[in-house]
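Remarks on the overall topology
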Amino acid sequence: MIAQLLLEYVLRFPLAQGKGFVLRHLASRLPEHARDFETRIGPTTVLVRWDEVVGRRILRTGSFESAELEAALSIVAPGDTVIDVGANIGLLTCPLAWAVGTEGAVVAVEPLSDNVRRLRANLKRNRLENTRVIGAAAAEKDGRKL
C-alpha cells in the first residue's frame, strides 16, 4: 500500500521539489520487490526501480537512453559478439543479447554486486543464455580512484 502511494506521488504530484527527500527517506525502507516495476526495453522486458534515476526517467518519459539503444541495435547482427562495459542492470545488455541471437554472444561487465544480481535476473527473465556476466570493473590498471 505504501509503495503504491509513493509511486503515485512520484508520478502525479505536480511539484517536483521535495520528491527526492521523500524517496530517499521512505523508499529505502520498503522491500526491494515493492520498488520494482517491469518495463519494455527494445524487444525485452526488465525490472527497474521507480526510486532510481533510470526508473523515474522511464516513468516520466517512457524510455531511457532510447537513442543509444537504437544506435546499438542498428549496428549489431545475429551472430555478433558484443561487450557491454558498465552493463548496469541490463538496459542495453538484454536487447543486445536478443539481437545477436543464440549464435552470438554478449559479455556484460558490471562492478556493482547488486547490479550484477539484477542483471542476471533480467537476463533470466528474458531467457537469454548467450551472455557472460563479469562482476568486475574494466580499467586500464588495477586499483581504486577516489
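These remarks concern the structure in this document. Sequence order as written defines residue numbering, which begins from 1 separately in each chain. Residue-level local features of this predicted model are given only where pLDDT is at least 70; pairs of side-chain atoms are given and counted only at 80 or more, and the full residue set underlies all totals for whole chains, interfaces and linings. For side-chain calculations, the full set of non-hydrogen atoms in the structure is used, while hydrogens and water are omitted.

1. Some thoughts on the sheet that holds strand β3 (residues 81-85)
Spatial strand order, β3-β4-β5: three strands in an open sheet with parallel pairing. In this open sheet, the two strands that pair with only one neighbour each are β3 and β5 (131-134). Pairwise comparison of adjacent strand axes, ignoring direction, gives a mean angle of 15 degrees for this sheet. Two strands pair when backbone bridges link them, and strand β4 (residues 105-109) and β5 are joined in this way by four bridges, in the parallel orientation. When the sheet's bridge partners are listed, valine 109 is paired in β5 with isoleucine 134. Should DSSP find at least two bridges between two strands, the strands are taken to pair. The numbering of helices and of strands both runs from the N terminus, where a helix is a DSSP run of H or I of at least 4 residues and a strand a run of E of at least 2. Axis definition: a line fit to C-alpha positions, over the contact stretch in the case of helices; interaxial angles, taken between N-to-C directions, run 0 to 180 degrees.

2. Some details on helix α4 (residues 53-61)
Remark: exposure states derive from per-residue accessible area (1.4 Å probe, protein chains only) relative to the maximum for the residue type, with buried under 20%, exposed over 50%, and partly exposed in between. Among the residues making up α4, those that are buried are Val54, Gly55 and Ile58. Along the axis of α4, the buried residues cluster in a sector spanning 95 degrees; they form a single face. Away from its buried face, by an angle of more than 90 degrees, α4 presents the exposed residues Val53, Arg60 and Thr61. Trailing α4 by a residue or two, glycine 62 shows a phi angle of about 90 degrees, which is positive. When we speak of the arc, we mean the arc of directions from the helix axis to the C-beta atoms.

3. Topic: unusual backbone geometry
Even without glycine at this site, glutamate 65 takes up a positive phi of about 50 degrees. Of note in this structure, arginine 127 is not a glycine but carries a positive phi near 55 degrees. On the secondary structure map, arginine 127 appears in the loop between α7 (113-125) and β5. Classification of arginine 127 as exposed rests on a relative accessible area of 72%.

4. Considerations on the nonpolar core
To form a nonpolar core, buried Ala, Val, Leu, Ile, Met, Phe, Trp, Tyr and Cys residues must be joined to one another through side-chain atoms within 4.5 Å. The biggest cluster of nonpolar side chains holds 27 residues, and the ones touching the most others in it are Val48, Ile58 and Leu91. Of all the secondary-structure elements, those providing two or more residues to this core are β1 (36-41), β2 (44-49), α4, α5 (66-75), α6 (93-100), β4 and α7. With five residues, the single largest contributor to this core is α6. Contact between two residues is taken to exist if any of their heavy atoms lie within 4.5 Å; hydrogens are not considered. Excluding residues within four positions of it along the chain, valine 48 makes contact with Arg35, Asp36, Phe37, Thr39, Val54, Gly55, Ile58, Ile89, Leu91 and Arg118.

5. Observations concerning the packing of α5 against α6
At a closest axis distance of 10 Å, the pairing of α5 and α6 adopts a crossing angle of 20 degrees. In terms of orientation, α5 and α6 fall into the roughly parallel class. Note on packing geometry: the crossing formed by α5 with α6 is right-handed. Contact with α5, carried on its side by Leu69, Ala72 and Leu73, involves Pro95, Leu96 and Ala99 of α6 and no other residues of that element. Under the scheme applied, nonpolar residues are Ala, Val, Leu, Ile, Met, Phe, Trp, Tyr, Cys and Pro; charged residues are Asp, Glu, Lys and Arg; polar residues are all the others, including Gly. Grouping the amino acids of the contact of α5 with α6 by side-chain chemistry returns six nonpolar, no polar and no charged. Each angle is binned into one of four classes, with values under 35 degrees roughly parallel, values over 145 roughly antiparallel, values of 65 to 115 roughly perpendicular, and all other values oblique. Two helices crossing with the near one rotated counterclockwise from the far one by less than a right angle form a left-handed crossing, whereas a clockwise rotation gives a right-handed crossing.

6. Focus: the pattern of salt bridges
Put simply, a salt bridge is a Lys or Arg side-chain nitrogen that is within 4 Å of an Asp or Glu carboxyl oxygen. On inspection of all chains with the given rule, the structure shows seven salt bridges. Salt-bridge contacts for arginine 125 lead to glutamate 38; the nearest nitrogen and oxygen are separated by 2.6 Å. In this pair, arginine 125 sits in helix α7 while glutamate 38 sits in strand β1, placing the two residues 87 residues apart along the sequence. Through salt bridges that share partners, Asp36, Arg49, Glu52, Asp114, Arg117 and Arg118 make up one connected network.

7. Some remarks on the side chain of threonine 93
Among the structural elements, threonine 93 can be located in helix α6. Beyond its immediate sequence surroundings of up to four residues, threonine 93 is in contact with Asp84, Ala87, Val106, Ala108, Leu119, Leu123 and Thr131.

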